[in-house]
Amino acid sequence: MSRINEILEQLDHISQNPKEQLDKFIEEGKKVIGVFPYYVPEELVVACGMVPMGVWGGAKEINKAKEYFASYYCTIAQMNLELGLNGTLDRLSGVIVTTMCDTLRPLSQNFRVGVPQIPFIYLAHPQNRKKEFGIKYSEQVFTRVLNELEEISGKKATEEDLLKAFEIYNANRQEKRRFSKLAALHPEVISATLRSAVFKSSYFMEKEEHTALLKELNNELEKLEVVEWTGTKVMTSGILCDSRKLLKIFDDNKVAIVADDVAHESRTIKVDIDMEIAKKNPMEGLATWFANCDDDVLLYDPTIYSRPRNVAKLAKESGADGAVIVMMQFCDPEEVEYPHLKEALDNESIPSIKLGYDQQMVDFGQAETQIQAFTDVMSL
Ligand code: SF4
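In short, a report on the structure.

Thresholds, definitions, all that
Residues numbered from 1 in each chain as written. Predicted model: local features only at pLDDT ≥ 70, side-chain atom pairs only at ≥ 80, totals over all residues. Heavy atoms only, no water. 1 Å grid on protein atoms, 1.4 Å probe; cavity = no way out; pocket = protein on both sides within 12 Å on 5 of 7 lines; lining within 4 Å. Points joined across faces, edges and corners; volume = space filled by probe spheres on them. Helix = DSSP H or I, 4+ residues; strand = E, 2+ residues; numbered from the N terminus. Nonpolar A, V, L, I, M, F, W, Y, C, P; charged D, E, K, R; others polar. Axes fitted to C-alpha atoms, helices over the stretch in contact; angles between N-to-C directions. Parallel < 35°, antiparallel > 145°, perpendicular 65-115°, else oblique. Contact = heavy atoms within 4.5 Å. Near = heavy atom within 4 Å. Sits in = over half its atoms within 2 Å of the grid points. Salt bridge = Lys/Arg side-chain N within 4 Å of Asp/Glu carboxyl O. Buried < 20%, exposed > 50% of the residue type's maximum accessible area, 1.4 Å probe, protein only. Phe/Tyr/Trp six-rings, centres within 6.5 Å; stacked < 30°, edge-to-face > 60°. Lys NZ or Arg CZ within 6 Å of the ring centre and 35° of its normal.

Of the voids in this model, the largest pocket is the one considered here, and its volume is about 1,000 Å³. Forming the boundary of the largest pocket are 35 residues, of which Pro18, Gly57, Gly58, Ala59 and Lys60 lie nearest the centre. Mapped onto the lining of the largest pocket, the elements with two or more residues apiece are α1 (3-16), α2 (18-27), β2 (51-54), α4 (75-85) and α10 (244-252). With three residues, α2 is the largest single contributor of residues to the lining of the largest pocket. Tallied by class, residues from the lining of the largest pocket come to 16 nonpolar, 11 polar and eight charged. Reported here for the second largest pocket is a volume of approximately 650 Å³. Lining the second largest pocket are 21 residues; nearest its centre among them are Ser180, Lys181, Ala259, Asp260 and Leu314. Looking at the lining of the second largest pocket, the elements that each hand over two or more residues are α7 (159-185), β6 (255-262) and α13 (307-318). With six residues, α13 is the single largest residue contributor to the lining of the second largest pocket. Tallied by class, the residues present in the lining of the second largest pocket amount to seven nonpolar, four polar and 10 charged.

As structure tokens, this is what we get:
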């Protein structure tokens, strides 16, 4: 087996077995912090000597959470609460819950009340993140989160710890961006399923280990000759696109993902922490990183609303034949934006389809028909 396949197999396995990873961390005597979607500065968890693990719902049945949520909340929020209520998250030493959208806000309060056994850290990012007062506010919020993490870990994070954690995450973001480009060049090796697994595995691994494997994978991919892809190339967009059943439909129909605007994958890794700022003041470095994050439906854009155009530009530049918008059911921010995104894609002559999705979906027949029809039209 080639080294590429070995690494892909390892990352794929980890992506499907978060519990195994949690068991390993706990056996190693490490404290693990659950990190809810998204824009949580995980660097703070690492600086305190703990391990962050992503909690982005799951495909299990939702029962207890129905007592807290009406059925029209997205399944990520419902499932994250379910995982707390049914004890799945009990071995975590804490959770960090954000308030980035109107669903995450009630989730945070329901979780706080319904799951009192897990230490709860509330993270309310500022809307105005770019102005000086917004940066100051982010600094204060991140400092409070850090203080609460220090209490859980029993370890005070030094400036050196923070800067080291920042370097670790910068390196991971850089390798992920590099991987996204290489995956686009080699869809014959990096299927849609494996591409997703590479991103997803990082939520369940210590970042240094993930970066080391990803770097090796990237170096190996770089050595491969580029062969022409005879299938369809697409850009994906949405909050989450990690369903194995859905990705298998991509693979079965020779649909390669050559770029993504997916929150779970590339949306949050576009910029790094400026280490020059961080060396003067670590929290300002982190707050400035958040201020520099852009082109996300969950981030306030105080000027002209440029995100749809930038996403269409990304699709164009990536050489995608079309865009697949994976629309999480009942995700208000994404649904509100959709007409603008569709219009921007149309303006760039990029055909697109919208697939309705939620994590409890079992029947992907409609998605399969849509994807087949889409690839047929594009091959004309
Ligand atoms: S952004 Fe959308 S998918 Fe994510 S938590 Fe909010 S409503 Fe749910």
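Let us look at the packing of α4 against helix α5 (residues 104-114). Running from N to C, α4 and α5 cross one another at 10°; their axes reach a closest spacing of 10 Å. Taken together, the axes of α4 and α5 lie roughly parallel to each other. Residues Ala77, Asn80, Leu81, Gly84 and Leu85 of α4 pack against Leu107, Asn110, Phe111 and Gly114 of α5. Grouping the constituent residues of the contact of α4 with α5 by class yields five nonpolar, four polar and no charged.

Another aspect to go through is the site of the ligand. Taken together, Cys74, Cys101, Thr103, Leu104, Ile239, Leu298, Met328 and Cys331 make up the full set of residues near the ligand. A molecule is said to occupy a pocket when more than half its atoms come within 2 Å of that pocket's grid points, and by this definition the ligand occupies the second largest cavity. By residue class, the composition of the shell around the ligand is seven nonpolar, one polar and no charged.

Per the stated rule, a full pass over the model turns up 32 salt bridges. For Lys156, the salt bridge goes to Glu150, with nearest N and O atoms at 3.1 Å. In this structure Lys156 comes out as exposed when scored by relative accessible area, which is 61%. By relative accessible area, Glu150 is classed as buried at 9%. Where Arg177 meets Asp272, a salt bridge forms, and the shortest distance between an N and an O atom there is 2.7 Å. Of this pair, Arg177 sits in helix α7 while Asp272 sits in the loop between β6 and α11 (275-280), and the two are 95 residues apart along the sequence. One network of salt bridges, in which partners are shared, links Asp261, Arg267, Asp296, Arg307, Glu334 and Glu337.

Under the defined criterion, the tally for this structure stands at 13 aromatic pairs. For the pair Trp56 and Tyr203, a centre-to-centre distance of 5.6 Å together with 65° between the ring planes defines the contact as edge-to-face. Of this pair, Trp56 sits in the loop between β2 and α4 while Tyr203 sits in the loop between α8 (192-201) and α9 (207-223), and the two are 147 residues apart along the sequence. Classification of Trp56 as buried rests on a relative accessible area of 9%. What makes Tyr203 buried here is its relative accessible area of 13%. An aromatic cluster of three or more residues is present, and its members are Tyr38, Tyr39, Trp56, Phe142, Tyr203, Trp289 and Phe290. Cation over ring: Lys354 sits above Tyr338, and NZ or CZ is 4.8 Å from the ring centre.

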